[in-house]
Amino acid sequence: MSSLTTPPGQLRLPLLGETLAFLRDPDFAKKRHRQYGPIFKTQLLGNPTVFLKGAAANDFVLSHENQFFVVSWPPSVKRLLGPLSLALQTGALHLQRRKLLAQAFQPRALAGYVPVLAAISEQYLERWVALETLTWYPELRNYTFDIAGKLLIGLDDAAQTELGHWFATWCEGLFSLPLRLPWTRFGKAFRCREQLLTGLETLIRERQQAGSQGSDALGVLLRARDEDGQPLGLEELKDQVLLLLFAGHETLTSALASFCLLLAQHPAVKDRARAEQSQFRGVPLSLETLKQMTYLEQVLKEVLRCIAPVGGGFRQVLQSCEFGGFLLPQGWSVLYEINLTHQDSELFLAPEQFDPGRFSPERAEDKVKPFSHVPFGGGVRECLGKEFARLELKLFAAKLLQGYDWSLLPQDLTLVTVPTPHPKDGLKVRFYRQP
Ligand code: HEM
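Below: a short report on this structure. (Residues numbered from 1 in each chain as written. Predicted model: local features only at pLDDT ≥ 70, side-chain atom pairs only at ≥ 80, totals over all residues. Heavy atoms only, no water.)

## So, the nonpolar core
1) Next: Core analysis: the biggest nonpolar cluster contains 105 residues, and Trp 136, Ile 153, Trp 170, Phe 259, Leu 400 and Phe 431 have the highest contact counts within it.
2) Next: The dominant element in this core, judged by the number of residues it contributes, is helix α6 (residues 107-131), at 11 residues.
3) Next: With residues near it in sequence (within four places) discarded, Phe 259 still touches Leu 296, Val 299, Leu 300, Val 303, Ala 397, Leu 400 and Leu 401.
4) Next: Grouped together as the second largest cluster of nonpolar side chains are 19 residues, Val 50, Ala 57, Val 317 and Trp 332 included. (Core = buried A, V, L, I, M, F, W, Y, C linked by side-chain atoms within 4.5 Å. Buried < 20%, exposed > 50% of the residue type's maximum accessible area, 1.4 Å probe, protein only. Helix = DSSP H or I, 4+ residues; strand = E, 2+ residues; numbered from the N terminus. Contact = heavy atoms within 4.5 Å.)

Written out as structure tokens, the structure is:
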């Protein structure tokens, strides 16, 4: 191990390093991979950081959690999520809490969410018909927040509440420099974190006083007990609910917007997906009927491959190790790259093409090598809300295709990648009921 060198790359500018370029340039990693190969190092926020892409790299990082690697978020994210958040917990406590929080996403809980998902979807689809032309991305953000608000904490029209406004400001500070001053993005976000926690505490106390915990995810978490029979404490409950609100919101908004964008750009795929939906018109949507929509399943997988909502995950090296012939020194950061793995031509045929057929049973390109299609990550930190996200995406897509159509208006479709990918002008469309 001592004879190995660290990966190629630059560790210049001691404090910020290449942080600004990383946040602003969507091709930051692609350019450096072109120069240095599949592994390179750089300096982000004072930390030497190694970027790794490819199925083998994902396998290595995601299968050695708590052995060689431990989760590590940028300082701004850590402070805004809060110390008791599942996303920051590690080791045995993390596994125990995961089991507990997962109760909110069991198949029985998911089946109970379907009628609410369907009702909120119908309400928004009809609103968009009435608008005729709209900027879809902010609408989709409200849609996913209304769903998260209702299904997680039982709040109606959540996007229009005070909580919704605090949440939007909180999100804006997540990937910022952690300078806590009243006028900085981070400072404003931190203040909103405090307001959000107060709001959540009121909600929790009301439930406790009413003696009824409710059938939403908060209700499930209020009833849940750990292996020692203990409930979650109030402080932890607030951090965990805040994490779920966040995790289930930005990511899904990005995925929905990408679905709408890519289908508008690929009318043959839209037509075929719509043809499949004609069998389901008038059939009540349930987990069972959604499972039968196999072409739509391929389309959604391809959307998540082409524009991965989460570009990658940060880890810290717990113990020096070797990968690809290079040393990854203890204390350094690594970023496993989801988006660039999805663009790897050794894993996906013509990866630049939008081609849902690559996920058909005959081709199944994602099954050739493990950890090649990883929109939800993998290993012990795989997305906790994966099945919920897949349900929400599919139900929305089915309803949209069954009754409505849309076309793009002239605009800048360049993808902005922070905090999650979306078109620069917010996806302007004409929206109408399908004739
Ligand atoms: C973790 C993606 C939706 C809850 C993750 C990770 C990814 C991801 C890649 C792992 C990050 C890492 O390895 O560091 C996505 C995508 C979504 C989505 C693409 C939508 C299309 C959701 C939803 C929820 C959720 C709807 C819950 C309501 C979580 C949580 C974690 C997580 C709690 C942390 C798990 C842990 O650390 O053990 N997600 N996610 N996600 N996701 Fe999702």
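## Structural notes on the site of the ligand
1) Next: Lining the immediate environment of the ligand, one finds 27 residues, of which His 94, Arg 98, Arg 315, Tyr 336 and Cys 383 sit closest.
2) Next: Taking His 94, its side chain carries an N or O atom lying 2.7 Å from an oxygen atom of the ligand.
3) Next: Within the side chain of Tyr 336, a nitrogen or oxygen atom sits 2.6 Å from an oxygen atom of the ligand.
4) Next: Those elements that provide at least two residues to the shell around the ligand are α5 (91-101), α11 (234-247), α12 (250-265), β5 (312-317) and α17 (386-403).
5) Next: Partitioned by chemical class, the residues of the shell around the ligand number 18 nonpolar, 6 polar and 3 charged. (Near = heavy atom within 4 Å. Polar contact = N/O pair within 3.5 Å; in protein donor to acceptor, adjacent residues only side chain to side chain. Nonpolar A, V, L, I, M, F, W, Y, C, P; charged D, E, K, R; others polar.)

## Some words on the packing of helix α15 (residues 294-306) against α17
1) Next: Packing of α15 against α17 leaves a shortest axis separation of 11 Å and a crossing angle of 115°. Crossing geometry of α15 relative to α17 is assigned as right-handed. Note on element contacts: α17 touches α15 through Arg 390, Leu 393, Lys 394, Ala 397, Ala 398 and Leu 401, opposite Leu 296, Glu 297, Leu 300 and Leu 304.
2) Next: Its residues assigned to classes, the contact of α15 with α17 shows 7 nonpolar, no polar and 3 charged. (Axes fitted to C-alpha atoms, helices over the stretch in contact; angles between N-to-C directions. Left-handed = near helix turned anticlockwise from the far one by under 90°.)

## Overview of unusual backbone geometry
1) Next: One non-glycine residue with positive phi stands out, namely Asp 157, at about 45°.
2) Next: Note on placement: Asp 157 falls in the loop between α7 (136-153) and α8 (162-172).
3) Next: Backbone geometry places Phe 371, a non-glycine residue, at a positive phi of 70°.
4) Next: One can find Phe 371 in the loop between α16 (338-341) and α17.
5) Next: Given a relative accessible area of 23%, Phe 371 falls into the partly exposed group.

## Some details on a nonpolar patch on the surface
1) Next: Nonpolar side chains collect at one region of the surface, where Leu 45, Leu 177, Leu 179, Leu 181 and Trp 183 lie side by side and expose about 490 Å² of accessible area between them.
2) Next: Within the element layout of this structure, Leu 179 appears in the loop between α8 and α9 (185-210). (Patch = residues over 30% accessible without salt bridge, like charges linked within 9 Å, V, L, I, M, F, W, Y side chains within 5 Å. Areas by Shrake-Rupley, 256 points an atom, 1.4 Å probe, with all protein chains shown as cover. Salt bridge = Lys/Arg side-chain N within 4 Å of Asp/Glu carboxyl O.)

## Here's the deal with the environment of Pro 138
1) Next: When you line up the elements, Pro 138 lands in helix α7.
2) Next: Judged by relative accessible area, which is 40%, Pro 138 ranks as partly exposed.
3) Next: Sequence spacing of Pro 138 and Leu 232 is 94 residues, and the spatial spacing of their C-alpha atoms is 34 Å.

## Remarks on the sheet that holds strand β4 (residues 133-135)
Sheet strands pair via backbone hydrogen bonds, and the direction of the pair is either parallel or antiparallel.
1) Next: Ordered by their spatial adjacency, 3 strands build an open sheet running β4-β12-β9, and the pairing between neighbours is antiparallel. With one partner strand each, in any of the chains shown, β4 and β9 (404-408) form the two edges of the open sheet. Between one strand axis and the next, the sheet turns through 35° on average, direction left out of account.
2) Next: Two elements, β4 and strand β12 (residues 428-433), share 3 bridges in a ladder whose sense is antiparallel. (Pairing = 2+ DSSP bridges.)

## What to know about the pattern of salt bridges
Oppositely charged side chains can pair when the atoms bearing their charge come close.
1) Next: Inspection of the entire model under this criterion finds 30 salt bridges.
2) Next: Notably, a salt bridge pairs Arg 381 with Glu 65, separated by 3.8 Å at the nearest N-O pair. Linking Arg 381 in the loop between α16 and α17 with Glu 65 in the loop between α3 (55-63) and β3 (69-71), this pair joins segments that are 316 residues apart in sequence. Across the pair, Glu 65 and Arg 381 agree in class, each one buried.

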